[in-house]
Amino acid sequence: MTTMEMLTWVRGPGLTLSIVILVLGVTVRLIEMLMLGRKRDISEAREKHSGRYGWRTVVTRSLTPLSATDTSPVIFLASYVFHIGFFLIVFFYVPHINVIRELLGFSWPSLPAWLIDALTLITMISMLIVMWHRLSDKVKFFLSGFNDYYSWFITFLPVVTGYFAYHRLLLPYNDMLIVHILSVELLLASLPFTKLMHPFTMVFSRWYTGEAAGRKGVRI
Amino acid sequence: MSVSLQKGIEAFKQQIDAPIASFFNSCVHCGMCAGSCLFYVATGDPKYTPIHKLEPLRRVWKQEYTFWGRLASRLGLGKSLTDDDLEQWQELLYDSCTLCGRCSLVCPVGNDLVYMIRKAREGMVASGHAPKGLKEATLRAMTIGSPMGVTLNTFQKIVNNVEQETGLSMPFDVQGADYLLLMSSAEIIEFYEFIGAMAKIFKEAGASWTFCSEAFEATNSGIQIGSSDLAAELVQRIVDGAEKLKVKYVISPECGHAYMALRWEGPNLIGRPYGFQVLHVLELLDQFRQQGRIRTTGKETEKVTFHDPCQIVRRGGVIEEPRHLLNMISDDFVEMPDAGKLNWCCGGGGGVSVNPDADALRLKTFKLKKQQLDTTGVKKLVTCCSNCRHMLEDGIEEYAMDMEVVGLSEMIADHLLISEKQQEG
């Protein structure tokens, strides 16, 4: 298989396959979760319409007060930077938007390439800090297993290969592009089977907790 | 597999619902719950990380309710739960968790960790892995009617004594009274000033109230040990007593988990709503204040601060009431750092206070409370839970601090303005 044939495959069937696994996997996991159900709370609610407190927590829990825990400010910041940076790179880089337009038929404005380049560098650095912390912090190291390291690795890989491709480092552009797209496909296809499910399930976990506290009159 | 282990796993399975599955699915092992937990912060030992305490429950969820977990266990892969695991987790699920729920406010993915611990204890009880102290307290609650072994006879004698001391009437079994006042055993034995204080307040407010000889104990060992069956029976006793007397309100005393058991878990435990309303005593006093039914006179001379009982404030929603009441009788009420819904536990909630295995660890955690208290420079600490009060007194003694602990209801009674009409009467 030539480089071009390979590129065609990863852009076509490879991408489709990984998206199918992603969608099916996420759906199955959400269904098996929701099928377990939740008993209606029949205690008299202090606050009616507590669903809105659930939605409130879905939003506000992204801003956990630093003072409430002992996480170091550096890690706290690095965690935000890496999440926001990753999101911006994925959804606001011109070539990525083009792929999304081909798939979904609509698009949105992009960020300038130089900014995406800088964000990529910042994201990589913050991800390295986060991993360094996982290895050096006694609680995080104690909790960590294969899922944690694998999830980090498959998230880091697309960022670093994208950066290398853009700067023509290590491999010729097309070869690096193939590696980059493959790494994205690995990420998409692995997501439902790892802790990278959290963006989907987190909406539910935050809502349940916020709603339960809200009906008792505690806004969290 | 032993029969008890099988029962335990079955109980874990029954507890797992969509919220629990969403919590385990969402956890990214960030470790932030450790930093919010008094046992981790006081010891620095990672095994006290709240999410780690839930490992037995997580394993059952994974093997029973996830596709990959089920597949793995069919293939003989995956780690099954053993009796040894549960034995080891007894310390983590009981000795080192007060069900304070601080972790549930901190988790960035929104996991309600204390909701899970409460449920995980059901599996521990079913498999015979609850601590001895809690088992004994629960047995006393079921057979005698009080975790501290207080009988109706003892209670009535104490009430008679207080009646004679105060000259106030403290009626039993009044049909159709507005308020049924419950007690916690600790109040009956150690802090019985509460009885006189409430009689005084009810009289001033002109409220009809009663004790119930069939249901005077508010505490509920069932929810502490983690047995919904026993918890339901204890709630049912109160519901039967209250509905027989046809009272409008049942007043939960100065006790944290009694309020949780009766107000929030109770209807779900017995499977139906009540024919009366449940109020924490501070909710009642604050209502009386708002309605102008009680007024106070004079102010505290000393600076005071308030310790928030977890089940009443963070998990119960009675947050502003104690503050309104304290401001009524104090010009120098200061909040400690993290006051309100993020306050630190006294160290003895969730059954820890009746579990001697946990004593040394509990006292170690008190250093966090001490740090908080030290910043305020107060000598008078107010609270509204007799268990907290006991634990605070214990810690204050252990750390040789110079501080008095008082119950808020008594403080209000001490400052109560007695109207002329009543003085004449």
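Thresholds, definitions, all that
Residues numbered from 1 in each chain as written. Chains lettered and ligands numbered in written order. Predicted model: local features only at pLDDT ≥ 70, side-chain atom pairs only at ≥ 80, totals over all residues. Heavy atoms only, no water. Axes fitted to C-alpha atoms, helices over the stretch in contact; angles between N-to-C directions. Helix = DSSP H or I, 4+ residues; strand = E, 2+ residues; numbered from the N terminus. Left-handed = near helix turned anticlockwise from the far one by under 90°. Contact = heavy atoms within 4.5 Å. Nonpolar A, V, L, I, M, F, W, Y, C, P; charged D, E, K, R; others polar. Phe/Tyr/Trp six-rings, centres within 6.5 Å; stacked < 30°, edge-to-face > 60°. Salt bridge = Lys/Arg side-chain N within 4 Å of Asp/Glu carboxyl O. Buried < 20%, exposed > 50% of the residue type's maximum accessible area, 1.4 Å probe, protein only. Disulfide = S-S within 2.5 Å. pLDDT = per-residue confidence, 0-100. Lys, Arg positive; Asp, Glu negative; His and termini not counted. Polar contact = N/O pair within 3.5 Å; in protein donor to acceptor, adjacent residues only side chain to side chain. Pairing = 2+ DSSP bridges. Right-handed = clockwise from strand over helix to strand, strands pointing away.

A. The packing of helix α8 (residues 83-95) of chain B against helix α10 (residues 113-126) of chain B, seen in detail. Residue and element names in this part refer to chain B. Orientation of α8 relative to α10, taken along the N-to-C sense of each, is 145 degrees, at an axis distance of 11 Å. Read as a crossing pair, α8 and α10 show a hand that is left-handed. Contact residues: Leu86, Trp89, Gln90, Leu93 and Tyr94 in α8; Ile117, Ala120, Arg121, Met124 and Val125 in α10. When the residues that make up the contact of α8 with α10 are grouped by side-chain class, the tally is eight nonpolar, one polar and one charged.

B. Region of interest: the packing of aromatic side chains. Enumeration over the complete set of coordinates arrives at 27 aromatic pairs over all chains. Aromatic pair Tyr93(A) and Tyr166(A): ring centres 6.4 Å apart, planes at 80 degrees, arrangement edge-to-face. With Tyr93(A) in the loop between α3 (73-92) and α4 (94-104) and Tyr166(A) in helix α7 (residues 146-166), this residue pair connects regions lying 73 residues apart in the sequence. For the pair Tyr179(B) and Phe288(B), a centre-to-centre distance of 5.9 Å together with 85 degrees between the ring planes defines the contact as edge-to-face. Of this pair, Tyr179(B) sits in strand β1 (residues 179-181) while Phe288(B) sits in helix α18 (residues 281-290), and the two are 109 residues apart along the sequence.

C. Molecular detail of the pattern of salt bridges. Residues and elements named next belong to chain A. In total, this model carries 31 salt bridges over all chains according to the counting rule given. Note that Asp148 and Arg134 form a salt bridge whose closest N and O atoms lie 3.9 Å from each other. Of this pair, Asp148 sits in helix α7 while Arg134 sits in helix α5 (residues 113-136); the two residues are 14 residues apart in sequence, bridging distant segments of the chain. With relative accessibility at 7%, the residue Arg134 sits in the buried group.

D. Highlighting the state of the cysteines. Residues and elements named next belong to chain B. All chains considered together, the criterion is met by zero disulfides over all chains. No disulfide involves Cys27; its sulfur sits 6.7 Å from that of Cys33, the nearest cysteine. Looking at the unpaired Cys255, the closest cysteine sulfur is the one in Cys385, lying at 5.2 Å. Its relative accessible area of 3% is what places Cys255 among the buried residues.

E. Structural detail: the confidence of the model for chain B. Residues with a pLDDT of 70 or more make up 99% of chain B, whose mean pLDDT is 95. Among the prediction metrics, the complex's ipTM stands at 0.95, with pTM recorded as 0.95.

F. A look at the side chain of Glu217(B). Residue and element names in this part refer to chain B. Following the sequence through the fold, Glu217 ends up in the loop between β2 (209-210) and α15 (221-225). In this structure Glu217 is buried but unpaired, with Arg237 as the nearest side chain of opposite charge at 8.9 Å. A distance of 2.4 Å separates a polar atom in the side chain of Glu217 from a polar atom in the side chain of Ser185. Of note is the side chain of Glu217, whose polar atom sits 2.5 Å from the side chain of Thr219. Apart from the residues within four sequence positions on either side, Glu217 is in contact with Gly145, Ser146, Pro147, Met183, Ser184, Ser185 and Ile238.

G. Focus on unusual backbone geometry. Phi angles above zero are rare outside glycine, and Leu170(A) is one such case at about 65 degrees. Structurally, Leu170(A) can be placed in the loop between α7 and α8 (173-190). With relative accessibility at 74%, the residue Leu170(A) sits in the exposed group. Residue Asp338(B) is not a glycine yet carries a positive backbone phi of 65 degrees. Here Asp338(B) lies in the loop between β6 (333-334) and α20 (359-376).

H. Just the pairing of strand β4 (residues 277-280) of chain B, in detail. All names here are of chain B. Relative to β4, strand β3 (residues 249-252) runs parallel, the two sharing four bridges. Among the inter-strand pairings, Ile251 is bridged to a residue of β4, identified as Leu279. Crossover β3 to β4 through helix α17 (residues 256-270) is right-handed.

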